[in-house]
Amino acid sequence: FWHLYAKSVDRSLASLKHSPYNFKSLHKPMKELIEYSSGLLQRNSGGSDGAEQKKYSRVEDEMKKLIESFSEILIAEQDATWPHSNNSESCEQMKINENLSRWKHATVKDWHFIVNSILIMKYSRHFCENFGKTITDLSWVLDTLSQSPVARSEKQTANKEEEETRRKCHSCRRRFYGRATLCEICEAKLPRRIGQRDLYHVEVPDHASDSRHWGHLVWMYCNWMEARE
């Protein structure tokens, strides 16, 4: 089991590093651990067995490692994505870099949704008691985002667009507010060009029990811990 599980984790982490669209890939190894622990519980229902208890403890350790790896990837991608005040590369240079991965296309708002969706789970006792460093690191990401030149640039752009006068769409001739040449309706009809216009917009379901929620991986762990009590 552990050999196959290790391969499953490697594939899932590699998939997440490639694109934020693949964050749900980490749910698979977590489900494998939950199913494996269920089998251990059934075999050990007659009493306490030292060997089985060790396997059960390893399951919990692997769950923690998976969540920590998840957090580490987010922190690494955020650090690589947004320039800090001491970064010589300008915001504009980052936007036109042809080698940017899809992580690079996430907006400041996307990052806030991602990190806050995970930090929602800090209200669970099991998350707080076992992931103090992870919670602190993710909170630091939010602070870094708010201080980023890109964040300030996005706010300034949003303010400018609100102040713009109405203009005509070059395609349908409708009037709209903004600096673009096409209205949102016509813009949406254009083919999406990966690497240039493929912005990632985070979906935020109401419940962490929803697999589309960025906090779902942590929710699975907390739910499993509660079931053991």
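In case you missed it, the structure is sitting above this.
Residues numbered from 1 in each chain as written. Predicted model: local features only at pLDDT ≥ 70, side-chain atom pairs only at ≥ 80, totals over all residues. Heavy atoms only, no water.

Caption draft 1: Structural view of helix H5 (residues 108-119). A rise of 1.5 Å per residue sets the reference length of H5, with its 12 residues, at 16 Å; its end C-alpha atoms lie 16 Å apart and thus fit the reference within 8%. Those residues of H5 that fall on the buried side of the exposure criterion are Val108, Asp110, Trp111, Ile114, Val115, Ser117, Ile118 and Leu119. (Helix = DSSP H or I, 4+ residues; strand = E, 2+ residues; numbered from the N terminus. Expected span 1.5 Å × (residues − 1). Buried < 20%, exposed > 50% of the residue type's maximum accessible area, 1.4 Å probe, protein only.)

Caption draft 2: Region of the structure containing the environment of Ile135. Relative to the helices and strands, Ile135 is located in helix H7 (residues 132-147). Judged by its relative accessible area of 11%, Ile135 is buried. The spacing of Ile135 and Val115 is 20 residues in sequence and 9.7 Å in space, taken between C-alpha atoms.

Caption draft 3: Representation of the pattern of salt bridges in the model. A complete count under the given rule lists eight salt bridges for this structure. Glu129 is the salt-bridge partner of Arg125, the closest N and O atoms lying 3.5 Å from each other. Of this pair, Arg125 and Glu129 both sit in helix H6 (residues 125-130), separated by four residues, roughly a single helical turn. Ionic contacts of the salt-bridge type, sharing partners, join the residues Arg58, Glu62 and Lys65 into one network. (Salt bridge = Lys/Arg side-chain N within 4 Å of Asp/Glu carboxyl O.)

Caption draft 4: Summary view of helix H10 (residues 216-228). Spanning 13 residues, H10 covers 18 Å between terminal C-alpha atoms, matching the ideal 18 Å at 1.5 Å per step. Regarding H10, the residues found buried are His216, Leu217, Val218, Met220, Tyr221, Cys222, Trp224 and Met225.

Caption draft 5: View of the packing of aromatic side chains. By the definition in use, this model includes 12 aromatic pairs. Measuring from centroid to centroid gives 4.0 Å for Phe1 and Tyr36, while their planes differ by 5°, and the two rings are stacked. Of this pair, Phe1 sits in the segment before helix H1 (2-18) while Tyr36 is found in helix H2 (residues 27-43), placing the two residues 35 residues apart along the sequence. Look at Phe1 and you get partly exposed, because its relative accessible area is 38%. Looking at Tyr36, the relative accessible area reads 17%, which means it is buried. Between Phe127 and Phe131 the ring centres are 5.3 Å apart and the planes differ by 40°, which places this aromatic pair in the tilted class. (Phe/Tyr/Trp six-rings, centres within 6.5 Å; stacked < 30°, edge-to-face > 60°.)

Caption draft 6: Structural detail: the side chain of Ser8. Within the secondary structure, Ser8 sits in helix H1. A residue is classified by how much of its surface remains accessible, and Ser8, at 1% relative accessible area, is buried. There is a polar contact of 3.3 Å between the side chain of Ser8 and the side chain of Glu32. With sequence-adjacent residues up to four places away left out, Ser8 is seen in contact with Lys28, Pro29 and Glu32. (Polar contact = N/O pair within 3.5 Å; in protein donor to acceptor, adjacent residues only side chain to side chain. Contact = heavy atoms within 4.5 Å.)

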